[in-house]
Amino acid sequence: MSPRVVLAGGGEMGELARAFDWASTPLGTVAAWPQSLRTAASICLKSRFPMLLWWGPEKTQLYNDGYRVILGDKHPRSIGQAGDECWAEIWDVVGPLYEKVVETGTSTWSEDLLLHIERSGYLEETYFTFSYSPILDEAGGVGGVLVTVVETTDRVLSERRMRTLRDIAAAPSGGTDRRLACRVVAETLAAEYHDVPFSLIYLTQDGASTAMLAGASGVSRGDAGVQASVAADGAGGDASDPWGIGDALRSGESAVVPVPSGFSAPLRGGVAVEQAVVVPFATPSHDLAAGVLVAGVNPGRELDDDYHTFFRLIADQLATRVAAAEAYAAERERAEKLAALDRTKTTFFSNVSHEFRTPLTLLLGPLGELLEDHTSGLAEGDRERLTMALRNATRMLKLVNTLLDFTRLEGGRLRAVRRPVDLAQLTRSLAAVFQSAMESAGLEYRVGIDGPPDAVAVDPDLWEKIVLNLISNAFKYTPSGGVTVRQGVEEGRIVLEVEDTGVGVRAEDIPHLFERFFRARAPDARSQEGTGIGLALAKELAELHGGRISVESEPGRGTTFRVEIPREAAAGEDWEGGDAVAPSDMAAAFASEATSWLHSEADRVAGLAPGAGSALPADALGGPRGEAEPIAEGEARDPVADPPFVLVADDNADMRRYLGKLLAADYRVAFAIDGREALRLARERRPDLLLSDAMMPGLDGLELLDAVRGDDELAYMPVILLSARAGEEATIEGIEAGADDYVIKPFTARQLRARVHTTLALARARDEARRAERDARERAEEAVEARARFMANTSHELRTPLNAVMAYLELLLSETSGEVNEVQRSHLERIRAGATHLKQIIEEILTFARLEAGTENGALRELDLADPMREVADLIRPQFEAKGLQFTLEIPERREPFRTDAAKVRQILLNLLSNAHKYTEKGAVTMRMAQHRDGSVEVDVIDTGPGIPEPDRERVFEAFWRGPGSDAGGGTGLGLSVSRSLARLLGGDLTLTTSTAGSTFTLALPGP
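Scope of this entry: the structure provided in the associated data block. (Residues numbered from 1 in each chain as written. Predicted model: local features only at pLDDT ≥ 70, side-chain atom pairs only at ≥ 80, totals over all residues. Heavy atoms only, no water.)

What follows is about the sheet that holds strand β13 (residues 291-296). The sheet built from 6 strands is open, its strands ordered β8-β7-β6-β13-β12-β9 with antiparallel pairing. Only two strands of the sheet have a single neighbouring strand rather than two, namely β8 (229-231) and β9 (255-258). Between one strand and the next, the sheet's axes are offset by a mean angle of 25°, whatever the strand orientation. On top of the sheet, helix α8 (residues 178-191) reaches β6 (199-204) and β7 (210-217); it is set at about 35° to β7, its chief contact. (Pairing = 2+ DSSP bridges. Helix = DSSP H or I, 4+ residues; strand = E, 2+ residues; numbered from the N terminus. Axes fitted to C-alpha atoms, helices over the stretch in contact; angles between N-to-C directions. Contact = heavy atoms within 4.5 Å.)

What follows concerns the pattern of salt bridges. By the definition in use, this model includes 52 salt bridges. Between aspartate 65 and arginine 68 there is a salt bridge, with the nearest N and O atoms lying 3.9 Å from each other. Of this pair, aspartate 65 and arginine 68 both sit in helix α4 (residues 65-71), 3 residues apart, which is roughly one turn of that helix. Since its relative accessible area comes to 25%, arginine 68 is described here as partly exposed. (Salt bridge = Lys/Arg side-chain N within 4 Å of Asp/Glu carboxyl O. Buried < 20%, exposed > 50% of the residue type's maximum accessible area, 1.4 Å probe, protein only.)

Take the nonpolar core next. In this structure, Phe311, Leu909, Leu913, Met927 and Val939 are the most contacted members of the largest nonpolar core, which totals 65 residues. Sorting elements by how many residues they give to this core places helix α10 (residues 305-372) first, with 9 residues. In this view, leucine 913 contacts Val872, Ile876, Phe880, Phe887, Val925, Met927 and Val941; residues no more than four positions away in its chain are not counted. The next biggest cluster of nonpolar side chains, apart from the first, holds 51 residues, and it includes Leu409, Ile471, Trp597 and Leu598. (Core = buried A, V, L, I, M, F, W, Y, C linked by side-chain atoms within 4.5 Å.)

Let's shift gears to the side chain of aspartate 693. Mapped onto the elements, aspartate 693 comes out in strand β23 (residues 689-693). Residue class for aspartate 693 comes out buried when judged on its relative accessible area of 5%. A distance of 3.1 Å separates polar atoms of two side chains, one belonging to aspartate 693 and the other to lysine 745. (Polar contact = N/O pair within 3.5 Å; in protein donor to acceptor, adjacent residues only side chain to side chain.)

Scanning all chains against the criterion turns up 17 aromatic pairs. Aromatic side chains phenylalanine 20 and tryptophan 22 sit 4.7 Å apart centroid to centroid with 70° between the ring planes, which places their arrangement in the edge-to-face category. Judged by its relative accessible area of 25%, phenylalanine 20 falls in the partly exposed class. Looking at arginine 980, its charged tip hangs above the ring of phenylalanine 957, at a distance of 3.7 Å from the centre. (Phe/Tyr/Trp six-rings, centres within 6.5 Å; stacked < 30°, edge-to-face > 60°. Lys NZ or Arg CZ within 6 Å of the ring centre and 35° of its normal.)

When you line up the elements, glutamine 227 lands in the loop between β7 and β8. Residues glutamine 227 and methionine 212, 15 residues apart in the sequence, show an inter-C-alpha distance of 8.4 Å. Aside from chain neighbours lying at most four places away, what touches glutamine 227 is Tyr202, Leu213, Ala239, Ser240, Pro242 and Trp243.

Relative to each other, helix α7 (residues 153-170) and α8 sit at 150°, their axes nearing to 9 Å. At the point where α7 passes α8, the crossing takes the right-handed sense. Contacts between α7 and α8 involve Thr164, Asp167 and Ile168 from the former and Val185, Thr188 and Leu189 from the latter. (Left-handed = near helix turned anticlockwise from the far one by under 90°.)

Moving on: helix α27 (residues 975-985). If you check which residues of α27 are buried, you get Leu976, Ser977, Ser979, Arg980, Leu982 and Ala983. Against the buried residues of α27 lie α26 (902-919), β29 (989-995) and β30 (998-1005). Following α27 by one or two positions, glycine 987 has its phi on the positive side, about 90°.

All right, on to the sheet that holds strand β28 (residues 937-943) then. Pairing in this open sheet of 5 strands is mixed, and the strands run β26-β27-β28-β30-β29 from one edge to the other. Of all the strands in the sheet, just β26 (886-890) and β29 have a single pairing partner and so form its edges. Strand after strand, the sheet turns through a mean of 10° between neighbouring axes, direction not considered. In this structure, strand β27 (residues 924-931) lies alongside β28, joined through 7 bridges in antiparallel fashion. The residue of β28 that forms the bridge with arginine 928 is aspartate 940. Those strands touched by helix α25 (residues 866-883) are β26, β27 and β28, and its axis lies near 170° from that of β26. Strands β29 and β30 of the sheet are contacted by α27, whose axis makes an angle of about 135° with β29.

The end-to-end C-alpha distance of helix α16 (residues 585-596) is 17 Å, a good match for the 16 Å that 12 residues give at a rise of 1.5 Å each. Along α16, the residues that are buried comprise Met586, Ala587, Ala589, Phe590, Ala591, Glu593, Ala594 and Ser596. (Expected span 1.5 Å × (residues − 1).)

Looking at the element boundaries, glutamate 464 is found in helix α14 (residues 460-476). For glutamate 464 and threonine 427, which are 37 residues apart along the polypeptide, the C-alpha to C-alpha distance reads 7.7 Å. The residues touching glutamate 464, leaving out its near neighbours within four places in the chain, are Leu430, Ala582, Pro583, Ser584 and Met586.

Moving on to the packing of α25 against α26. It is the contact of α25 with α26, at a shortest axis distance of 9 Å, that shows an interaxial angle of 15°. Looking at the two axes, α25 sits roughly parallel to α26. α26 is crossed by α25, and the crossing has right-handed handedness. Contact residues: α25 offers Pro868, Met869, Glu871, Val872, Leu875, Ile876, Gln879, Phe880 and Lys883, while α26 offers Ala902, Val905, Arg906, Leu909, Leu910, Leu913, Ser914, His917 and Lys918. In the contact of α25 with α26, the residues fall into 11 nonpolar, 3 polar and 4 charged. (Parallel < 35°, antiparallel > 145°, perpendicular 65-115°, else oblique. Nonpolar A, V, L, I, M, F, W, Y, C, P; charged D, E, K, R; others polar.)

Before going further, it helps to spend a moment on unusual backbone geometry. For residues besides glycine, phi is generally negative; the peptide bonds are generally trans as well. With an omega of 10°, the peptide bond running from histidine 75 to proline 76 counts as cis. Note on placement: proline 76 falls in the loop between α4 and α5 (83-86). Positive phi outside glycine occurs at lysine 59, with the angle close to 55°. Examined against the element boundaries, lysine 59 turns out to sit in the loop between β1 (51-55) and β2 (60-63). Positioned with a positive phi, aspartate 112 is a non-glycine residue whose angle comes to about 50°. If you trace the backbone, aspartate 112 turns up in strand β3 (residues 108-118). Look at aspartate 112 and you get partly exposed, because its relative accessible area is 24%.

Take the pairing of strand β4 (residues 123-136) next. Burial runs high along β4: 10 of the 14 residues are buried. As paired elements, β3 and β4 share 9 bridges and run antiparallel to each other. Paired with leucine 114 across the bridge in β4 is tyrosine 127. Where β3 hands over to β4, the hairpin turn is made up of 4 residues, of which glycine 121 adopts a positive phi near 90°. Pairing between β4 and strand β5 (residues 142-151): 9 bridges, direction antiparallel. For serine 133, the partnering residue across the bridge sits in β5 and is leucine 146. Count of turn residues in the β4/β5 antiparallel hairpin: 5 residues, of which glycine 140 carries a positive phi of about 90°.

Moving on, we come to the pairing of β7. Note: β6 against β7, 6 bridges, orientation antiparallel. The residue bridging leucine 200 from the neighbouring strand is alanine 216, located in β7. Pairing geometry for β7 and β8, over 3 bridges, is antiparallel. Looking across to β8, one finds that methionine 212 is bridged to serine 229.

Tracing the backbone shows asparagine 298 in the loop between β13 and α10. In this structure asparagine 298 comes out as buried when scored by relative accessible area, which is 2%. With 26 residues separating them along the chain, asparagine 298 and alanine 272 place their C-alpha atoms 8.8 Å apart. The residues touching asparagine 298, leaving out its near neighbours within four places in the chain, are Glu125, Arg160, His194, Asp195, Pro197, Arg268 and Tyr307. Here the side chain of asparagine 298 touches glutamate 125 through a polar contact of 2.6 Å, side chain to side chain.

So, on to the side chain of serine 36. Assignment of secondary structure puts serine 36 in helix α3 (residues 35-46). Accessibility expressed as a relative area gives 12% for serine 36, which makes it buried. With residues near it in sequence (within four places) discarded, serine 36 still touches Trp55, Ile135, Leu136, Asp137 and Glu138.

This is how it looks when you write it as structure tokens:
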């Protein structure tokens, strides 16, 4: 039978086998082959699975197209060659397996077996899964051996490198020590030495001209090439810098260098390491590279793109760890400075509070004596002014005392000095202080105090502060309804409850209510005044008594504060009632402050509080009167017959009275008690000037200003803000918000009148210049539009080379994977050329943009986000193929350069793809990129896995949490947590959408 019949089919190897001179081999002519050999040869050639046939004692070879790729440059001379001659370099390993099959007639199985073969000009580290099967001849003996084989090198290497990267990510952080962070990475590489036979990690120091050795693996410290320090600004190549570390630090580019002479390079597969890669890495705190990784290259593997990417990912891990150590160290230093500053602040406030008390005493004493002296002959107007001064000086003393208590608490100097007290009587007396204010406000006020009959050991001063703060707080935040004060005994504890039907507290604010300086946003409160200390102080004082304070609240329904302290009987069992303690002067100060939040009918009649927008009567303040009619823009007015109309907005009654007296002589005046009423009156009456306090209920001053500027009818109305917030920053904030002037309290009468007069004069001048301003603005907008068209045309020109690069890339990705052929190599060359062109154009545009923005300093970097996506995809693709999963990479053709940290993006995507590989048993995984018009980017990683149950969907981002079934797949539970943290560090986020049909992780990154 002819060879054409026996060796039919088989593709290229079939043609070679039919043309081969088999008579020159121990097999002889094909016509003389036994039927068993003919059958085996036919099966081998026609199979698409890699197969090799060894026949006879000489092990003569025949193989198919699939096996031809495995042979490399051994083909075609290996056809008809003896097996032990073709595979001489590994026969010591595979020979015994062959002999066993021949002797026993049984098959063998080897999985991921390491073999060092020479098929590409060097001794290559490879891995194979194969089986040797006996082929019986006509006599019943083993005539030959059929080898079925698949090369698993790519998968083994990919898994091994991924394991190395995971181990580095899971290793201890090193805290604040940059060098320790590098040593931890080096120790991890020492355990994973296959792909990194040795490593040297150098770190630079700010302001230093040297790079210091921070970690090493696989080398001896005294060996040649292992320098403790290297000149960071020197040129490589000499004995002081044989690796070229200085060059890498200056250029920021990776390099491949030979192992220096005299270096004791480790062996791999009996071959010494001859090459190393030098990879610089950077951190946010360094303008140039922060360090360099020098890593040995396995002599048994080609330094291809995947191998380069692996080294770059190690360097990225180093950069992340070093940056984390730097940030941790900076944060700890900042915390120590803040603690020292806090101690200094506490001391300062304690001292300044004491200093305030001296001048306040000299104010309160003479004021009180003068008002009590009925023989002084004070006029009624003077007495009113002095009463206002006394009331506000007393309020200031209350604030100073509160601040002093707070600083004493912070310094640990406030102690509860307990004594026997009739606590029921004390609480009743304190509650009664607010009776008048509650009635004036129209609130239902209920006080129910029960026992105990015996004395209770408390500090009466501290208990007074607790009660006053809670009742004052309830009054402030209850515009209608009622307030209830209850006190009793429950299970051996004194329980005080203050309940109101006020505005309530939002659920998200409740955990912060007792934090120092926290003030919940409540537009409907009676006042926005306050320090944010009262509730925090009440909590601390309750705890000084061994008790606690709690709160229950619902927005719109009210709030209940509950104080519980132990019922400790006073010293001496013969006490029945305890001392009767009267409220201190500070109780009157609390009540006086509460009263100042009310707006009486007398005020409304006198025009000192708003009432349908009434103007200030002449007989009340000695100024002009009459309705304030709106004046159309540009309409002339008679300043004598028709003086300007000023709207005053302030929630403090005393301040409204004072401002009214100052302005009434020259202007018509109306009043508003909060921002909402001020806005309503401004829209109804069109005042010439709005004079507003910055802190008010309803709408505060800045919100009122924003509403005015957003109203077409009021946008050009001049606004002056009054504020107790002193300092340049507060003034700038007010002016930038749109205020015409910003007056700091306290101010003099002369100063305020001058500021109002000047603001009104400027407003009139502004009206005349507004048309010219509009014309100038229109011309400027035309210039901006022309410039925008220019930039649009430039952007179009930039897309041309970008489209070329992407088109060739898609062509490459669509071709069959495997060994790179000449066509693919040509495509790669085209891509390289297009990328070079693109880089040049982008650099030019970047330089132009930086120069125009004044930010050209060499620190900004942009990239095509597709590059790190492809690098990570190429690294992990073999794992998906080995698992039988379809992997798709979707990148849009039209993309704009994107500014981000490529290292962190690579790490995030690597973690997401590893997670998808781990939890997807069948189906497909897709990585898809989308870029929006605003420049923001979303990268989706989509799998067809089992999805994540509802209770676990947020837990997947918790550190160390591992979902059900994760033990089998390994992992540390850090990948998704680290990925979300990195995403947020970049200004974006990482989110999850999942169902039983699979999961989608979305990396969102902001645009420019």
